[in-house]
Amino acid sequence: MTQAAITKRLRDWGKAVRTTAFKFSLLFTLASSFVTGISMYTLYRSAEKEIREQIDSRLLAETTSLRRRFEERTSIGLYTPVLGIIERVPGDPNITFCVTARSSGTNSVSGYSDNNPFTNGFATNSPISAPSDGVSTSVDSNVADLIILDSSVADLCRINTADADNSVGSSMRINLVMRVVVVNTADNRYTLITAYDTTNERKMLRRMLDNTIYVTGFLILIAFIGAFLIGYTIIHSISRISRTARRIVDGDFAERVPIRANDADEMNQLADDLNHMLDRIEALITSQRQVTNNIAHDLRSPLNRLRNRMEVALLDRNSDNKTLRDVIADSVEDAENLLKTFNALLSIAQVESRAKDDFTHTSLSDICEDLAELYDVLSEDGEHTFAASIEPGLDIMGNRQLIAQAITNLLDNAVKYTPSGGNIRLSAEKRGDNILINVADNGKGIPPDKRDDVLKRFVRLDSARSTPGNGLGLSLVSAIVALHNGSLTLHDNKPGLRIQITLPTETAYLRRQHESQY
């Protein structure tokens, strides 16, 4: 990898880290990891507390049992205890005990001094409560005189006061070796020391704590990597869009945002929408260029005629008033045609650039019926035969004036290019989510290879050159139909031409508008 490639990759990584997606993803995942870590640590402490309580319960139960058996044997004088020897409890190798002789003295509470180092200043046979983590462990007075919560001594029989002082009231965590209970017999002659080896439990809790730390650290690492990948993916996709935008700014209007199969659906959707927008912009720019060229080409001839005619009249000093008036009349007619052309262009531009905020509920059936009534006069004059078939209840969302103008243009073209005695038919019907409007005639029609061309501006067939017009009528109809999310198609009427306008129904239009917002 070259130095330039490495520099570019590092720059892309820096951009990915600074993206909002990376920051929010990392923040959210870190919060989730923190909550997970706290939950696992809480579980660890709960398990620790539960294990401690189980150990203490077993230890106290075993101590009570050993004390009772010891007192039963010694009370009848048939048993001499072995002192200072550590023994294991049968059936539970984790519990060991030791019996030592108790020193004589006077209990401070009962009127005598207690010199037993194991009582640690507590009265004999008194209840002992050792706080731990806010939880008190109370021991029945008939069971224990002293609890040493944790001890690390190797010889239970040699526990001294310092051991007791360091253990009583200490933390309940099992972080040492032994859990120890010290009790005196009923006759105060002996002391029973019972201990539980917590090595296995401490290992298990240590593994649990280590797993909690490892899992939390792993989640934090995954959070960073995941947030980085999300940010890098987004910045990489946005970079493609930015490069495309720069090329378009440089003049390459054919450039499009590349769409890749492995991209996220939303990025593909964004790229597709941008490409659709760019297609529309390119089409408008191409149309503008075409219009400019057509204006320069089609308006040059009438302007030249107008100029030449007026120059001839100006240079001819022998022209009488009638000749001059004829020149002026012809010039006015040419100027009128030029104004009509510019008005048609202006109308098309207004339709293509206007918003849809004035679209309202419109009855297409009423529009077609009004036009059918107007053009039915043609059949009365006998020049053409006109027929209409309008389905009732055809409703759309649109501009009534523009829709009426589009249908009127089609009917005017049918009247203009249909020979005398021809048939013209207007029909409107609903088909699924669309409404079909057809204007058909039995005139000369349009060749199939010319049907797309006639929708362009200033395009006129050779057969229509002899009739008045500027080649903008169908362009205006096409712009109006496109504004209403419809389509305009030309078909063979055998003979003649059938032009079909397809518009969405009011329900379909509103549904698509709602879907496009989400």
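Nothing here was measured: the structure is a model prediction, and the numbers come from that model.

### Focus on the overall build of the protein chain
Reasoning step 1: Looking only at helices and strands, the protein chain has 11 helices and 14 strands in total.
Reasoning step 2: The buried share of the protein chain, taken over its 518 residues, is 38%.
Reasoning step 3: Relative to all contacts within the protein chain whose residues are 6 or more apart in sequence, the contacts with residues 24 or more apart total 66%.
Reasoning step 4: A total of about 29900 Å² of accessible surface is found on the protein chain, and carbon and sulfur atoms cover 55% of it.

### Overview of the nonpolar core
Reasoning step 1: Residues Leu364, Ile407, Leu411, Leu426, Ile437 and Ile501 are the most contacted members of the largest nonpolar core, which totals 49 residues.
Reasoning step 2: When sequence neighbours within four positions are dropped, the list of residues in contact with Ile501 reads Leu410, Ile435, Leu436, Ile437, Val477, Val481, Ser487 and Leu488.
Reasoning step 3: Counting 19 residues, the second-largest nonpolar core is a separate cluster that includes Ala47, Ile55, Tyr190 and Leu209.

### Notes on the pattern of salt bridges
Reasoning step 1: Counted according to the given criterion, the structure contains 13 salt bridges.
Reasoning step 2: Across the pair Arg45 and Glu48 runs a salt bridge whose closest N-O atoms are separated by 2.9 Å. On the criterion of helical spacing, the pair formed by Arg45 and Glu48 is a turn pair, its members being three residues apart in helix H2 (residues 20-75).
Reasoning step 3: A salt bridge links Arg67 to Glu71; the shortest N-O distance between them is 3.2 Å. Placement of both Arg67 and Glu71 in helix H2 is noted, with a separation of four residues, approximately one turn of the helix.
Reasoning step 4: When salt bridges with common partners are traced through the structure, they connect Arg256, Asp279 and Glu282 into a single cluster.

### Digging into the confidence of the model for the protein chain
Reasoning step 1: Of all residues in the protein chain, 78% have pLDDT values of 70 or greater, and the mean over the chain is 76.
Reasoning step 2: Summarising per-element confidence for the protein chain, the mean pLDDT is lowest in strand E3 (residues 128-132) (35) and highest in strand E12 (residues 434-441) (94).
Reasoning step 3: Taken as a whole, residues 104-146 scores under 50 in pLDDT and shows 104 contacts with residues more than four places along the chain or in a different chain.
Reasoning step 4: Across residues 160-176, where pLDDT falls below 50, the model places 49 contacts with residues more than four positions away in sequence or in other chains.

### Focus: the sheet that holds strand E11 (residues 423-431)
Reasoning step 1: The five strands lie next to each other as E9-E11-E12-E14-E13, forming an open sheet whose pairing is mixed. Bordering the open sheet on either side are strand E9 (385-390) and strand E13 (487-492), each of which pairs with just one other strand. Pairs of neighbouring strands in the sheet enclose a mean axial angle of 15°, with direction left out of account.
Reasoning step 2: Two elements, E9 and E11, share six bridges in a ladder whose sense is parallel. Counterpart to Ile390 in the pairing with E11 is Ala428.

### Notes on the packing of H2 against helix H4 (residues 199-249)
Reasoning step 1: Between H2 and H4, whose axes approach to 8 Å, the crossing angle comes to 170°. Viewed along their axes, H2 and H4 adopt a mutual orientation that is roughly antiparallel.
Reasoning step 2: Looking at the contact of H2 with H4 residue by residue, the class counts come to 23 nonpolar, nine polar and two charged.

### Observations regarding the packing of helix H7 (residues 321-353) against helix H10 (residues 473-483)
Reasoning step 1: Where H7 contacts H10, the two axes come as close as 9 Å, and the packing angle between them is 15°. As far as their axial angle goes, H10 and H7 are roughly parallel. Handedness of the H7/H10 crossing: left-handed. Within the contact between the two elements, H7 uses Ser347, Ile348, Val351 and Glu352 and H10 uses Ser475, Leu476, Ala479, Ile480 and Leu483.
Reasoning step 2: Here the residues of the contact of H7 with H10 are counted per class, giving six nonpolar, two polar and one charged.

### Some thoughts on the side chain of Asn438
Reasoning step 1: Summarising the element assignment, Asn438 is placed in strand E12.
Reasoning step 2: Note on Asn438: relative accessible area 8%, which makes it buried.
Reasoning step 3: Among the polar contacts made by the side chain of Asn438, one reaches the side chain of Arg498 at a distance of 2.8 Å.

### Section: the layout of surface pockets
Reasoning step 1: Considering only enclosed or pocket space, the second largest pocket measures out at about 610 Å³ in volume.
Reasoning step 2: The wall of the second largest pocket is formed by 18 residues, among which Arg280, Leu284, Glu352, Ala479 and Ala482 lie closest to the centre.
Reasoning step 3: Those elements that provide at least two residues to the lining of the second largest pocket are helix H5 (265-298), H7 and H10.
Reasoning step 4: When residues in the lining of the second largest pocket are grouped by element, the largest group, six residues, is from H5.
Reasoning step 5: Considered class by class, the residues forming the lining of the second largest pocket number eight nonpolar, five polar and five charged.

Analysis parameters
- Along each chain, residues carry numbers from 1 onward, in the same order as the chain's sequence is written.
- Restriction of local features to residues with pLDDT of at least 70 applies here, the model being predicted, together with a cutoff of 80 or more for giving and counting side-chain atom pairs; totals for whole chains, interfaces and linings are based on all residues.
- Processing note: side-chain calculations cover all non-hydrogen atoms of the structure and skip hydrogens and water entirely.
- We count a stretch as a helix when DSSP gives it H or I for four or more residues in a row; a strand needs E for two or more, and each element gets its number in order from the N terminus.
- Partly exposed residues are those whose accessible area sits between 20% and 50% of the maximum for their type, while under 20% is buried and over 50% is exposed, using a 1.4 Å probe and protein chains only.
- Residue contacts follow a heavy-atom distance rule, with two residues in contact if any of their heavy atoms lie within 4.5 Å.
- All accessible areas in this document rest on Shrake-Rupley with a 1.4 Å probe, and a residue is counted as covered only by the protein chains that are shown.
- Definition used in this section: a nonpolar core is a set of buried Ala, Val, Leu, Ile, Met, Phe, Trp, Tyr and Cys residues joined via side-chain atoms within 4.5 Å.
- Every case where a carboxyl oxygen of Asp or Glu lies within 4 Å of a side-chain nitrogen of Lys or Arg is listed as a salt bridge.
- The quantity called pLDDT is the predictor's confidence in a given residue, expressed from 0 to 100.
- Between any two strands, pairing holds if DSSP finds at least two bridges.
- Every axis in this analysis is a line fitted to C-alpha atoms, fitted for helices over the stretch in contact. Angles between the N-to-C directions lie between 0 and 180 degrees.
- Angular relationships are summarised with four words: roughly parallel below 35 degrees, roughly antiparallel beyond 145, roughly perpendicular across 65 to 115, and oblique for the angles in between.
- Residues are grouped as follows: Ala, Val, Leu, Ile, Met, Phe, Trp, Tyr, Cys and Pro are nonpolar; Asp, Glu, Lys and Arg are charged; all remaining types, including Gly, are polar.
- Helix crossings get a hand from a simple test, with the near helix turned counterclockwise from the far one by less than a right angle marking a left-handed crossing and a clockwise turn marking a right-handed one.
- Within 3.5 Å is the distance limit for a polar contact, defined as a pair of N or O atoms, with the added protein rule that one can donate a hydrogen and the other accept it, and that residues adjacent in sequence qualify only through two side-chain atoms.
- With a 1 Å grid spanning the protein atoms alone, the term cavity applies to any set of points in which a 1.4 Å probe fits but cannot get out, the term pocket to an open set with protein on both sides within 12 Å along at least five of seven lines, and the term lining residue to any residue with an atom within 4 Å of a point.
- Grid points are joined across faces, edges and corners, and a volume is the space filled by probe spheres set on the points.

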